[in-house]
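# Survey of secondary and tertiary structure
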Amino acid sequence: MNPDLHLWLIPLVPFAGFLVNGLLGRRAPKPVVSAVALIGALIPMLQVSAIVFNFKSLALPHIENLGTWISTGAFHADFSFSVDQLTLVMLCIVTGVGFLIHVYSVGYMAEEEGYWRFFAYMNLFLFFMLTLVLAENFLLMFVGWEGVGLASYLLIGFYYTKDSAARAGRKAFIVNRIGDVGFLLAMFILIANFGTLSFSQVFASISTHPEWQGGFLTAIALFLVLGATGKSAQIPLYVWLPDAMEGPTPVSALIHAATMVTAGVYMIARTHVLFDRSPYALAVVAVIGCATAIFAATIGMAQTDIKRVLAYSTVSQLGYMFLACGVAAYTAGIFHLVTHAFFKALLFLAAGSVIHSLSGQQDMRAMGGLRKKIPVTFWTMTAAVFAISGFPPLAGFVSKDEILYQAFIAPGLGKILWAVGLFTAGLTSFYMFRLWYMTFFGENRADAYEAAFHDDHGAPVHARKDTKLTLEAEHHAHPVHESPWVMLGPLVILAILSVIGGFMGWPEGLGGSNWFAQWLHPVLTTAAGESSAGSKQLELILACVSTLVAVTGWFVAHLMYYAKPELPARFTAQIRSVYSLVANKYWVDEIYGALIVTPVLFIARYLLNVLIDRGVIDGGGLVAGYSAQGFGAIVARIQSGNIRSYAGWLALFAGLLLAASYFGWTAHFWVR
Amino acid sequence: MVPIAYYLVLSAILFSIGVAAFLIKRNIITVFMSIELMLNAVNLTFVAFTRHWSQVTGHLQVSGQIFVFFVMVVAAAEAAVGLAIIIAVFRARNTLNVDQIDLMKL
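Residues numbered from 1 in each chain as written. Chains lettered and ligands numbered in written order. Predicted model: local features only at pLDDT ≥ 70, side-chain atom pairs only at ≥ 80, totals over all residues.

Across its full length, chain A holds 29 helices and two strands. Across its three principal directions, the C-alpha atoms of chain A cover 115 × 70 × 50 Å. Buried positions account for 49% of the 672 residues belonging to chain A. Long-range pairs, those at least 24 residues apart, make up 80% of the contacts in chain A with a sequence separation of at least 6. (Helix = DSSP H or I, 4+ residues; strand = E, 2+ residues; numbered from the N terminus. Buried ≥ 20, exposed ≤ 12 C-beta atoms within 10 Å, placed from the backbone. Contact = placed C-beta atoms within 7 Å.)

Take the overall build of chain B next. Along its length, chain B carries three helices and zero strands. Starting at the N terminus and walking to the C terminus, you meet the elements of chain B as α-α-α. The C-alpha atoms of chain B give a radius of gyration of 18 Å, which is well past the 13 Å a tight globule of 106 residues would have. For chain B, the spread of C-alpha atoms along the three principal axes comes to 55 × 25 × 25 Å. Residues counted as buried form 8% of the 106 residues belonging to chain B. Nonlocal contacts in chain B, meaning residues at least 24 apart in sequence, comprise 48% of its contacts between residues at least 6 apart. (Rg over C-alpha atoms; globule rule 2.2 N^0.38 Å.)

This paragraph deals with helix α1 (residues 4-24) of chain B. Under the 1.5 Å per step criterion, the end-to-end length of α1 of chain B is 30 Å for 21 residues, consistent within 8% with the ideal 30 Å. Where α1 of chain B is buried, its residues contact α28 (643-662) of chain A together with α2 (28-57) of chain B. (Expected span 1.5 Å × (residues − 1).)

As a further point, take unusual backbone geometry. Backbone phi values are negative for most residues with the exception of glycine, while trans is the configuration of most peptide bonds. Residues and elements named next belong to chain A. A cis geometry characterises the amide bond from Ile 235 onward to Pro 236, with omega recorded as 10 degrees. Considering the arrangement of structural elements, one finds Pro 236 in the loop between α8 (216-231) and α9 (240-243). Residues Pro 392 and Pro 393 are joined by a peptide bond in cis, for which omega reads 0 degrees. Counting through the fold element by element, Pro 393 comes out in the loop between α16 (375-389) and α17 (395-409). Its identity as a non-glycine residue notwithstanding, Tyr 586 has a phi of 60 degrees, on the positive side. With respect to the element layout, Tyr 586 can be found in the loop between α26 (576-583) and α27 (588-635).

Opposite the 10 residues of chain A that make contact, chain B presents 10 residues. Of the residues assigned to the side of chain A that touches chain B, the class counts are four nonpolar, five polar and one charged. (Nonpolar A, V, L, I, M, F, W, Y, C, P; charged D, E, K, R; others polar.)

A few words now on the environment of Val 97 of chain A. Residues and elements named next belong to chain A. Note that Val 97 resides in helix α3 (residues 85-108). In this structure Val 97 comes out as buried when scored by C-beta crowding, with 27 C-beta atoms within 10 Å. In this structure, Val 97 is in contact with Leu 254, Ala 258, Thr 259, Ala 341 and Ala 345, ignoring residues within four places of it in sequence.

Here we take up the nonpolar core. All names here are of chain A. In terms of nonpolar packing, the biggest core is built from 211 residues, with Leu 323, Ala 345, Leu 346 and Ala 384 touching the most fellow members. No other element matches the 18 residues that helix α15 (residues 330-357) contributes to this core. Setting aside chain neighbours within four positions, we find Ala 345 in contact with Val 97, Ile 101, Ala 253, Ala 257, Ala 258 and Leu 494. (Core = buried A, V, L, I, M, F, W, Y, C linked by C-beta atoms within 7 Å.)

Our next topic: the confidence of the model for chain B. Confidence along chain B averages 91 in pLDDT terms, with 97% of residues attaining 70 or more. At the level of chain-chain contacts, confidence expressed as ipTM amounts to 0.82, with global pTM at 0.78. (pLDDT = per-residue confidence, 0-100.)

With that settled, consider the packing of helix α2 (residues 30-53) of chain A against helix α4 (residues 115-134) of chain A. All names here are of chain A. Relative to each other, α2 and α4 sit at 10 degrees, their axes nearing to 9 Å. Between α2 and α4, the crossing angle belongs to the class labelled roughly parallel. Each of Lys 30, Val 33, Ser 34, Ala 37, Gly 40, Ala 41 and Pro 44 in α2 lies in contact with α4, whose residues at this interface are Tyr 115, Trp 116, Phe 119, Met 122, Asn 123, Leu 126 and Leu 130. (Axes fitted to C-alpha atoms, helices over the stretch in contact; angles between N-to-C directions. Parallel < 35°, antiparallel > 145°, perpendicular 65-115°, else oblique.)

Residue and element names in this part refer to chain A. Relative to strand β2 (residues 75-83), strand β1 (residues 62-72) runs antiparallel, the two sharing eight bridges. Residue pairing for β2: Ile 63 is matched across the bridge by Ser 82. Here β1 hands over to β2 after two residues, with Gly 73 in that stretch at a positive phi of 60 degrees. (Pairing = 2+ DSSP bridges.)

On to the environment of Ala 219 of chain A, then. Residues and elements named next belong to chain A. Within the secondary structure, Ala 219 sits in helix α8. We classify Ala 219 as partly exposed; it has 16 C-beta atoms within 10 Å. Taking the C-alpha atoms as reference points, Ala 219 and Trp 519, 300 residues apart in sequence, are found 31 Å from one another.

The predicted model of chain A has a mean per-residue pLDDT of 87, with 93% of residues at 70 or higher. Contacts for the low-pLDDT stretch residues 455-477 of chain A, under 50 throughout, to residues beyond four places or in other chains number 29 contacts.

Before going further, it helps to examine the environment of Thr 304 of chain A. All names here are of chain A. Mapped onto the fold, Thr 304 is located in the loop between α13 (279-301) and α14 (306-326). Sequence separation between Thr 304 and Phe 203 is 101 residues, and the spatial gap between their C-alpha atoms is 46 Å. Residue contacts for Thr 304: discarding those within four places in its chain leaves Asp 363, Met 364 and Arg 365.

Structural data, given as structure tokens:
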């Protein structure tokens, strides 16, 4: 007997929160709005923890069918939710981290206009994200997939009076649509070949046909990868994520670091049965992930906006997850997803706390020396920096090391992927410690920064950079201040998780039992089985190597940004051309603009708008309209209003009809 | 026995007079009367044919006569409503000339 878990409540409670805040929140006081939003995030979390405690008694996968959605001919789709180990991991992340970020937002957004709007969108996001995670078929997953894109668009464009924010929202939305086309095409091929979109049915029919290798499965997998690159910000569709930092910082933490952007990784892990049959698609995933990881890491090294560094870091870490999926180490990918959710959410929230304490300043060149002034933020950020850089035994070390180990023992490209991944780990360590030193150590450079940039532009730089719509003047009056505890509480919890989270999956090579991998084993067992090439000694050696690389990155950052602060300027002067290439993000935005956006805009503006829309469609309409009008003007003369003229017409044509019938004309014309 | 053609010719003459009067006359009362004339021309045709078919078939045919009653009833109703409208129009516009009552145009 399978208990009814009322899974539908999990997404619908946040949706109710969205409705209440969205419809009534404008007039409600802020405490009421935040209470509604927090309840909307808390209840799903409690329900998920209830599922965790009852999990042993469930028959897996636990599927709850809420009713038929589409039933047409042979095709059938249900509103059905399912829970298995993988779903549960995602549910814990989404509701747990989601709730913490909601709490944090109460403090961070306290002085904002549109407070109710923010929390309504946040709850809307939770609704769609939980739908995505719980969905039992591709179609319902796609609903969540599109919905989180919508919520992301709304929240990136939260400061909609700012042009750059509105543009960033649109960019995110449009770039995501490109990926979504891939998802849609994958679903069409699935329907054509399987006649169903249910995960369980599709996977069951694949497992009964061992002779299916590649072919249409590769096509489906590659289109799914296209969808995943859009949502998870991978090459070639990563460009929207750095711009998405225009949104409020809690949004960057929740949507653009911890949950939504990992949807692509979740989707690949969820549909790994497809990918296992298509080595080609897997190789594509691995190469995309690996290339994105190093590409984004190099860009991250030269950014000066604290949130943009973290954004490129997110793209890079997502690349690691793709790399893991690409070498069929889905467990490692999901594990990195989990630990990344901890430390990257923490990094963003801590960065938000820094920005908050500096009254909206985001440029690291204006920071420095904040260690003593905001100690709690500093210490939690330190935990996150060490975690992401891969220092044992913190969370990031364990998961990243697992990925690198799995890449190393993978056949084919494995060694190259490992080498690039390892180098990226060094870069990660470098740019994270660069951020750490620039923000918290040395002298406070706010005044020097002001002097350097204020006079040039005539307007205070941070006034333009400031994402806060209101209370700007008042903000500037504040001295540097530590954030309130409603913001620091989530930081501390996430810091603890970032420190101990790795022990969930402590690898066997280091004396652990990798509980996390065993947990996911029933869902993510690959057909290839556990790789035999590895050994505990190898894992230990590789762990030492990657630790060494992380320390090297730290050392270089220490040298350049702490011990000898004049070094970076000299260094960048020597490699000016390379530096400007990296600092300008390899000109990718400009290349895309020239190659894709400009031609599309040209076609839209001149061919489609002027020629087709205004010429053919509008012109045709005008011709039809004017000709009807002219004809009507002529015919309207008959209606004179004079009764005797009507009677005359009547008599005339009646007479003609009589005459016609008399002379037998009717027979020739009508009766045949 | 008068042949049916006589009745029909008379009816046609009456109807033509009605049509002509309808077209020529300007006074709305006269126009109204010409309508009555056309209706009665039709009635004459009905009763003529009834009588004719009764003779041809040897059975009494009554449907044409019943139709005449219908026409009379409708004509009476029409006269009542029509005269009421005429009075209303006259009160409003102070004329009975149909050429001046031409508001129902575009």
